[in-house]
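Residue strings, one per chain:
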Amino acid sequence: YTARELFANCHPYIKLGYQSKYMSNVNWSVYATAEYAHNQFDSKIDGITEYERNTLDRALFGGSAFLVFGGIDKKYKFMVEGGLRYSMVLDYKGPLANDKQDLRNGLVGHYAITVKGSNAIQNFGIFADINHFNLLKDDQSKLNMITIGLMWSVTPGQNKSEQLKF
């Protein structure tokens, strides 16, 4: 794989929500999220021998919930996350459509398994974002995007020594 393939997608986001703080070994969280997604991928149209580059920019809004396994006093915890986001096309460049008006908006499922720690390893894991709709309005063609990758979250204030002061 080349760096262009490995870093083809960028998804900065913000989460706002609530996380329980029970002394038991299982806690939970719900949150709302806003995300910008920049996706680059290659596609090939029938009859053309070369792959062509596509660039898709989207805004996603939605919510998720996750379960945290491991007490609040434990250094490391295991998390399972699932949610739905509404994806809206902002811009598109490529051979599959003339512009963003030829593409559909729709629901995207978000799934993740992470390890929650402290310091440099705050939330590290794997995720999958799966479109639950055909991105192309042309019903003769089909494009259901799936993004699988690694995630690493940095959360200010997760440890007392890192809390932000205003």
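Residues numbered from 1 in each chain as written. Predicted model: local features only at pLDDT ≥ 70, side-chain atom pairs only at ≥ 80, totals over all residues. Heavy atoms only, no water.

Before going further, it helps to examine the pattern of salt bridges. Summed over all chains, the structure comprises four salt bridges. Salt-bridge contacts for Arg85 lead to Glu35; the nearest nitrogen and oxygen are separated by 3.0 Å. You can see Arg85 sitting in strand E5 (residues 77–93) and its partner Glu35 sitting in strand E3 (residues 26–43), a full 50 residues away along the chain. Its relative accessible area of 4% is what places Arg85 among the buried residues. Taking the shortest distance from any N to any O, the salt bridge between Asp42 and Arg53 comes out at 3.2 Å. Here Asp42, found in strand E3, pairs with Arg53, found in strand E4 (residues 52–69); they are eleven residues apart in sequence, far enough to count as distant. A residue is classified by how much of its surface remains accessible, and Asp42, at 40% relative accessible area, is partly exposed. (Salt bridge = Lys/Arg side-chain N within 4 Å of Asp/Glu carboxyl O. Helix = DSSP H or I, 4+ residues; strand = E, 2+ residues; numbered from the N terminus. Buried < 20%, exposed > 50% of the residue type's maximum accessible area, 1.4 Å probe, protein only.)

Bridge count for E3 against E4 is 18 bridges, and the pairing is antiparallel. Note on E4: the bridge partner recorded for Asn27 is Val68. (Pairing = 2+ DSSP bridges.)

Looking at the protein as a whole, the pLDDT averages 84, with 90% of positions reaching at least 70. For residues 160–166, every residue scores under 50 in pLDDT, and the model assigns this stretch seven contacts once sequence neighbours within four places are set aside. (pLDDT = per-residue confidence, 0-100. Contact = heavy atoms within 4.5 Å.)

This part covers the layout of surface pockets. The computed volume of the second largest pocket comes to approximately 700 Å³. Contributing to the lining of the second largest pocket are 31 residues, with Asn9, His11, Phe127, Thr147 and Leu150 lying nearest its centre. When contributions to the lining of the second largest pocket are tallied by element, the ones reaching two or more residues are helix H1 (3–6), strand E1 (9–10), strand E2 (13–19), E3, E5, strand E7 (123–131) and strand E8 (146–153). Class assignment of the residues belonging to the lining of the second largest pocket gives a composition of 16 nonpolar, nine polar and six charged. (1 Å grid on protein atoms, 1.4 Å probe; cavity = no way out; pocket = protein on both sides within 12 Å on 5 of 7 lines; lining within 4 Å. Points joined across faces, edges and corners; volume = space filled by probe spheres on them. Nonpolar A, V, L, I, M, F, W, Y, C, P; charged D, E, K, R; others polar.)

To continue, consider the packing of aromatic side chains. The tally for this structure, following the rule as stated, stands at three aromatic pairs. Aromatic pair Tyr31 and Phe66: ring centres 6.0 Å apart, planes at 55°, arrangement tilted. Of this pair, Tyr31 sits in strand E3 while Phe66 sits in strand E4; the two residues are 35 residues apart in sequence, bridging distant segments of the chain. Exposure remark for Phe66: the relative accessible area of 10% places this residue in the buried category. (Phe/Tyr/Trp six-rings, centres within 6.5 Å; stacked < 30°, edge-to-face > 60°.)

This part is about the environment of Phe41. Tracing the backbone shows Phe41 in strand E3. For Phe41, a relative accessible area of 17% puts it in the buried group. In this view, Phe41 contacts Glu52, Arg53, Asn54, Leu56, Leu96, Leu143 and Met145; residues no more than four positions away in its chain are not counted.

Attention now goes to the side chain of His11. Within the fold, His11 resides in the loop between E1 and E2. A polar contact is formed between the side chain of His11 and the side chain of Glu35, at a distance of 2.7 Å. Residues in contact with His11, not counting those within four places in the same chain, are Glu35, Tyr36, Ala37, Asn39, Arg58, Asp129 and Thr147. (Polar contact = N/O pair within 3.5 Å; in protein donor to acceptor, adjacent residues only side chain to side chain.)

The next point concerns the environment of Leu6. Mapped onto the elements of the fold, Leu6 is located in helix H1. Since its relative accessible area comes to 56%, Leu6 is described here as exposed. Sequence spacing of Leu6 and Gly149 is 143 residues, and the spatial spacing of their C-alpha atoms is 9.3 Å.

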